[in-house]
Amino acid sequence: MRTIDQVVILGANGAMGSGSAAVFAGAGIPTVMVARTAAKAELGKGRAEQLAKRALPITCASYDELGDAVRDADFILEAVAEDLATKRDLFALLERSPTIGIVASVSSGLSIAAMCEGRSPAFRERFLGAHLFNPPTAIVGCELIPHAGTDAEVVATVEALLVRVGREVVRCSDTPGFAGNRVGFKVLNEVAQLAEQHGVAFMDQLLGPHTGRALAPLATIDLVGWDVHKAIVDHLHAHTQDPAFVLPAYMQRGIDRGHLGRKTRDRGGFFRLDKDKRQFVLAPATGDYHLRAEVTAAHAFGERLQAETTLEARMELVCTSTAMEAALLRRILLGYLSYGLGLVGEVVAHARDIDRIMGFGFHWAPPSMLVDAIGAARTVTLLDQHQLPVPPVVASAAQSGAPLHVEPALDRARFFGLAA
């Protein structure tokens, strides 16, 4: 495999560019940050050092100096805007530069093959996707996405580099949204769709930390940004035709009014804080905000779940309760298991891969962990009852009786605060 002694980051002044620089330079690898101007690159360097809380081995350059910047590069990471045309233009420019460095895109879901279409065979052989999750200084999950023409040695070299800088790497096929975003944003968008009927506070209380996630779904969309959420689900819907990825009309109306989540502090998203730090909640039907003071039935059901001291007991309650909120939670969790593990064989090779990207990338309880807690045979029965596809890996586990969850670094304590 190649030795990676110098990294170049293109798009250095963005959040992903500066975060990625903090990761690579923070591991001691000399890094060049390139932006439209040297001044913007310097701003990116400052953000990277602020994230790392120390000086880093970083130099800066502009695109006017691209040839010199990449001449000695072993690994070039593109972190510009998530736009296919913009990326393709940059790769065309890069191909004319004097470098034989490996080139990777940090794209969260665009086609890797389409990005390098029209480039030379030599360029395509050393091109692949390396999706670092944002912010990369806090989230260690990473998807590695070769296309059909990527050289196997290049894939192995980049995987070794990513492991060297502390990433938990999952190899994915070049499919829309790869693995993490395809599974995660399906759940997020379905919860946003259901909020129109059941209410914002109800849905976030129903799917709070007691369901094995660091942050409730609608609060997650506010953190990501409604505009980013829209771009991802629109892309996934266009390529899958899955109605789960249809953006709710009330969200589009909110985006049109400038409500983008936490990045628009005064306008908010699903939630908004006033100057006195009081939280207001969106009413999807009207677009109005109301002071959050109510405790919903979902909150009460969540407390019942929290009172159970084992994950098996919590899943027993979810699977057997006749309460409306339990039935709704059951449907959402079963959809997560069915869809996520259904990607095994299409997008990833093993159930462990889905578990790792959801655990390390989204900080959500791995699907296989929930299947084991419910019981694989019972999961098959419940999926059939809800007319959801039964993933082959779940059917196989039901027949063999073997546990499906095999990633020791992702244990119950991490997601539920519970012992094994």
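Residues numbered from 1 in each chain as written. Predicted model: local features only at pLDDT ≥ 70, side-chain atom pairs only at ≥ 80, totals over all residues. Heavy atoms only, no water.

## Observations regarding the environment of Leu-132
Link 1 in the chain: Within the secondary structure, Leu-132 sits in strand β6 (residues 127-132).
Link 2 in the chain: Residue classification places Leu-132 among the buried positions, given a relative accessible area of 1%.
Link 3 in the chain: When the C-alpha positions of Leu-132 and Gly-118 are compared, they lie 25 Å apart, and in sequence the two are 14 residues distant.
Link 4 in the chain: Residue contacts for Leu-132: discarding those within four places in its chain leaves Met-16, Ser-20, Phe-24, Val-106, Gly-141, Cys-142, Leu-162 and Arg-167. (Helix = DSSP H or I, 4+ residues; strand = E, 2+ residues; numbered from the N terminus. Buried < 20%, exposed > 50% of the residue type's maximum accessible area, 1.4 Å probe, protein only. Contact = heavy atoms within 4.5 Å.)

## Quick look at the packing of aromatic side chains
Link 1 in the chain: On inspection of all chains with the given rule, the structure shows 11 aromatic pairs.
Link 2 in the chain: Centre to centre, the rings of Phe-185 and Phe-362 are 6.2 Å apart; their planes meet at 80 degrees, and the pair counts as edge-to-face. Of the two residues, Phe-185 is situated in helix α8 (residues 180-198) and Phe-362 in helix α16 (residues 351-362); the sequence distance between them amounts to 177 residues.
Link 3 in the chain: Summarising the aromatic geometry, the rings of Phe-245 and Tyr-339 are spaced 6.5 Å apart at their centres and angled 70 degrees between planes, so their arrangement reads as edge-to-face. With a gap of 94 residues between them, Phe-245 in the loop between α11 (226-240) and α12 (249-256) and Tyr-339 in helix α15 (residues 324-342) connect regions that are remote in the sequence.
Link 4 in the chain: Looking at Phe-245, the relative accessible area reads 0%, which means it is buried.
Link 5 in the chain: Chaining the aromatic ring pairs together yields one cluster made of Phe-133, Phe-185, Tyr-336, Phe-362 and Trp-364.
Link 6 in the chain: Sitting over the ring of Tyr-339, Lys-186 keeps its end group 4.8 Å from the ring centre. (Phe/Tyr/Trp six-rings, centres within 6.5 Å; stacked < 30°, edge-to-face > 60°. Lys NZ or Arg CZ within 6 Å of the ring centre and 35° of its normal.)

## Brief notes about empty space enclosed by the protein
Link 1 in the chain: Overall, the coordinates contain 1 cavity of 30 Å³ or more when judged by the stated rule.
Link 2 in the chain: Within this model, the largest cavity holds a volume of roughly 30 Å³.
Link 3 in the chain: Taken together, Val-318, Cys-319, Arg-330, Leu-333, Leu-334, Leu-337 and Ile-374 make up the lining of the largest cavity.
Link 4 in the chain: The set of elements that each furnish at least two residues to the lining of the largest cavity consists of α14 (311-320) and α15.
Link 5 in the chain: If you tally residues by element for the lining of the largest cavity, the top one is α15, at 4 residues.
Link 6 in the chain: Considered class by class, the residues forming the lining of the largest cavity number 6 nonpolar, no polar and 1 charged. (1 Å grid on protein atoms, 1.4 Å probe; cavity = no way out; pocket = protein on both sides within 12 Å on 5 of 7 lines; lining within 4 Å. Points joined across faces, edges and corners; volume = space filled by probe spheres on them. Nonpolar A, V, L, I, M, F, W, Y, C, P; charged D, E, K, R; others polar.)

## Details of the sheet that holds strand β10 (residues 279-282)
Link 1 in the chain: Pairing is antiparallel across the open sheet formed by 3 strands, whose spatial order is β9-β10-β11. The sheet terminates laterally at β9 (271-273) and β11 (289-291), the two strands that pair on one side only. Looking at each pair of strands side by side, their axes are set apart by 35 degrees on average, direction ignored.
Link 2 in the chain: Pairing geometry for β9 and β10, over 3 bridges, is antiparallel. The residue bridging Leu-273 from the neighbouring strand is Gln-279, located in β10. (Pairing = 2+ DSSP bridges. Axes fitted to C-alpha atoms, helices over the stretch in contact; angles between N-to-C directions.)

## Considering the nonpolar core
Link 1 in the chain: Grouped together as the largest cluster of nonpolar side chains are 107 residues, with contacts concentrated most on Leu-94, Met-203, Leu-218 and Phe-270.
Link 2 in the chain: No other element matches α15, which puts 10 residues into this core.
Link 3 in the chain: The residues contacting Leu-94, other than those within four sequence positions of it, are Leu-10, Leu-66, Val-70, Ile-76, Thr-99, Val-103 and Phe-123.
Link 4 in the chain: Listed in part, the 36 residues of the second largest apolar core include Met-33, Ala-48, Leu-132 and Val-154. (Core = buried A, V, L, I, M, F, W, Y, C linked by side-chain atoms within 4.5 Å.)

## Structural notes on α16
Link 1 in the chain: Compared with an ideal rise of 1.5 Å per residue, which puts 12 residues at 16 Å, α16 spans 16 Å between its outermost C-alpha atoms and is within 8% of the ideal.
Link 2 in the chain: The element α16 is largely enclosed, with a buried count of 11 among its 12 residues.
Link 3 in the chain: Three or more residues of α16 are buried, namely Ala-351, Asp-353, Ile-354, Asp-355, Arg-356, Ile-357, Met-358, Gly-359, Phe-360, Gly-361 and Phe-362.
Link 4 in the chain: Those residues of α16 hidden inside the fold are in contact with β7 (141-146), β8 (168-171), α8, α15, α17 (367-374) and α20 (412-416).
Link 5 in the chain: With its phi angle positive at about 60 degrees, His-363 sits one or two positions after the end of α16. (Expected span 1.5 Å × (residues − 1).)

## Section: the layout of surface pockets
Link 1 in the chain: Considered as a void within the structure, the largest pocket measures approximately 1,400 Å³ in volume.
Link 2 in the chain: Around the largest pocket, the lining is made up of 48 residues, and of these Met-16, Ser-108, Asn-134, Val-224 and Val-228 lie nearest the centre.
Link 3 in the chain: Those elements that place two or more of their residues in the lining of the largest pocket are α1 (15-26), α4 (84-95), β6, α8, α10 (217-224), α11 and α16.
Link 4 in the chain: A total of 6 residues in the lining of the largest pocket trace back to one element, the largest contributor, which is α11.

## Details of unusual backbone geometry
Link 1 in the chain: The amide bond that connects Asn-134 to the next residue, Pro-135, takes the cis arrangement and shows omega of 0 degrees.
Link 2 in the chain: The backbone of Lys-277 shows a phi angle near 70 degrees, a positive value even though the residue is not glycine.
Link 3 in the chain: Following the sequence through the fold, Lys-277 ends up in the loop between β9 and β10.
Link 4 in the chain: Here the phi dihedral of His-363 falls at roughly 60 degrees; this positive angle occurs in a residue that is not glycine.
Link 5 in the chain: Relative to the elements of secondary structure, His-363 occurs in the loop between α16 and α17.
Link 6 in the chain: A residue is classified by how much of its surface remains accessible, and His-363, at 29% relative accessible area, is partly exposed.

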